[in-house]
Amino acid sequence: MAIWIDALRLTIGVNLLLILGLLSVWGQNYLQFRSKHTLGLFVFGLMLFSENLLALYFFLFDPVLHVWFSADMPMIAQRAIMLIRVFETIALVFLTWITWD
Amino acid sequence: MEGVLWYVFTGTRGGPNRVRIVRTLRERPRNANQLAEDLNLDYKTVRHHLDVLLENNILDCGGDGYGAIYLISDQAGQHWETIEQISEQMG
């Protein structure tokens, strides 16, 4: 089992949790303010959540892709994908930091 | 300033309470203790929100320490229409 793929799954899990936190704040604010700004943030969060959920499905459950990502994909490609995910996680940590305030 | 106002008031967890604080201070300036009483909020919560609002130049502060009086900053006053718009939507 490739360690990069495990790390990848972990970052996706962290991303999903952070986005859930953001969605709870933005969702409550949307219900209270009903403005286009709060709606925009909420929909943005929803789409980013879907993106991560889809990624998790591809890496963990999809019968064809799951095997390909774990076993057949060259290490260099695994690292590249991992790097992109790490940047997303860092971005989400900072966004959560200013939002959970 | 506009972007800051929208995010501080409608993008964050404490946003709705910050709107209440700014509305109340618009009526007349108060200190943290009076605000906590008038809004029925925890003193520490109010202090935290006041610090955030000061840091973002939405409020100004006169005096020091416990009795410090908080008021709407000139900059926020110039954008009062935006704050009003946010506040109206909150109902």
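The preceding data block contains the structure.
Here is what the cut-offs are and how they apply
Chains are numbered independently. Their residues run from 1 in the order of the written sequence. Chains carry letters and ligands carry numbers; both start at the beginning, A for chains and 1 for ligands, and go up in the order they are written. Reporting of local features is limited, given that this is a predicted model, to residues whose pLDDT is at least 70; pairs of side-chain atoms are given and counted only at 80 or more, and all residues count toward the totals for whole chains, interfaces and linings. To obtain the side-chain values, all non-hydrogen atoms of the structure were used and water was disregarded. A run of H or I in DSSP becomes a helix once it reaches four residues, and a run of E becomes a strand once it reaches two; helices and strands are each numbered from the N terminus. We compute the radius of gyration from the C-alpha atoms alone; for a globule the expected value is 2.2 Å times N to the 0.38, where N is the number of residues. Patches in this entry comprise residues that are over 30% relatively accessible and not in a salt bridge; like charges within 9 Å are linked, as are nonpolar side chains (Val, Leu, Ile, Met, Phe, Trp, Tyr) within 5 Å. The method behind every accessible area is Shrake-Rupley, applied with a 1.4 Å probe, and residues are considered shielded solely by the protein chains displayed. A pair is scored as a salt bridge if a Lys or Arg side-chain nitrogen falls within 4 Å of a carboxyl oxygen belonging to Asp or Glu. Only protein chains enter the accessibility calculation, which uses a 1.4 Å probe; a residue is then buried when its area is under 20% of its type maximum, exposed when over 50%, and partly exposed in between. How far a helix is expected to stretch is found by multiplying one less than its residue total by 1.5 Å. Throughout, a contact is declared for two residues whenever any of their heavy atoms are within 4.5 Å. Two rings from Phe, Tyr or Trp (for Trp, the six-membered ring) form a pair when their centres are within 6.5 Å of each other. A pair whose planes differ by under 30 degrees is stacked, one over 60 is edge-to-face, and the rest are tilted. Counting as a charge over the ring demands two things of the Lys NZ or Arg CZ atom: a distance within 6 Å of the ring centre and an angle within 35 degrees of the ring normal.

Asker: Tell me what's going on with the overall build of chain B, and back it up with residues and numbers.
Answerer: In terms of helices and strands, chain B carries six helices and three strands. The order of α-helices and β-strands along chain B, N terminus first, is α-α-β-α-α-β-β-α-α. For 91 residues, the compact-globule estimate of 2.2 N^0.38 gives 12 Å, and chain B sits close to it at 12 Å. Considered along the principal axes of its C-alpha atoms, chain B spans approximately 30 × 25 × 20 Å.

Asker: Outline a nonpolar patch on the surface, listing residues and values.
Answerer: Taken together, the side chains of Ile90, Val93, Phe94, Trp97 and Ile98 of chain A define a hydrophobic patch exposed on the protein surface, amounting to about 540 Å² of accessible area. Mapped onto the secondary structure, phenylalanine 94 of chain A falls in helix 4 (residues 75–99).

Asker: Could you give me a rundown of the pattern of salt bridges, with the residues and numbers involved?
Answerer: Residue and element names in this part refer to chain A. Under the defined criterion, the tally for this structure stands at seven salt bridges over all chains. The salt bridge involving arginine 9 is made with aspartate 6; its shortest N-O contact spans 3.2 Å. Of this pair, arginine 9 and aspartate 6 both sit in helix 1 (residues 3–33), three residues apart, which is roughly one turn of that helix. When its relative accessible area of 14% is taken as the criterion, arginine 9 is described as buried. Taking the shortest distance from any N to any O, the salt bridge between arginine 85 and glutamate 51 comes out at 2.7 Å. One end of the pair, arginine 85, is in helix 4; the other, glutamate 51, is in helix 2 (residues 36–60), and 34 residues separate them in sequence. Note on glutamate 51: relative accessible area 31%, which makes it partly exposed.

Asker: I'd love a proper account of helix 2 of chain A, names of residues and values included.
Answerer: For helix 2 of chain A, with 25 residues, the first-to-last C-alpha span of 36 Å sits near the 36 Å given by 1.5 Å per residue. Here helix 2 of chain A has its buried residues at Thr38, Leu41, Gly45, Leu48, Phe49, Asn52, Ala55, Leu56 and Phe59 of chain A. Along its buried surface, helix 2 of chain A packs onto helix 1, helix 3 (65–72) and helix 4 of chain A together with helix 1 (2–11) of chain B.

Asker: Just give me the short version of the packing of aromatic side chains, but keep the residues and values in it.
Answerer: A complete count under the given rule lists six aromatic pairs over all chains for this structure. Pairing phenylalanine 94 of chain A with tryptophan 97 of chain A gives two aromatic rings, centres 6.3 Å apart and planes at 90°, and the pair type is edge-to-face. With phenylalanine 94 of chain A and tryptophan 97 of chain A both in helix 4, this residue pair falls three residues apart, about one helical turn. Here tyrosine 43 of chain B and tyrosine 66 of chain B contribute two aromatic rings whose centre-to-centre distance is 6.3 Å and whose plane-to-plane angle is 35°, an arrangement assigned as tilted. Placement of tyrosine 43 of chain B in helix 4 (residues 43–55) and of tyrosine 66 of chain B in the loop between strand 2 (59–62) and strand 3 (69–72) is noted, with a sequence separation of 23 residues between them. Grouping aromatic residues by their ring pairs yields a cluster made of Phe59, Trp68 and Phe69 of chain A. A cation over an aromatic ring shows up here: arginine 26 of chain B above the ring of tryptophan 80 of chain B, its NZ or CZ 4.1 Å from the ring centre.

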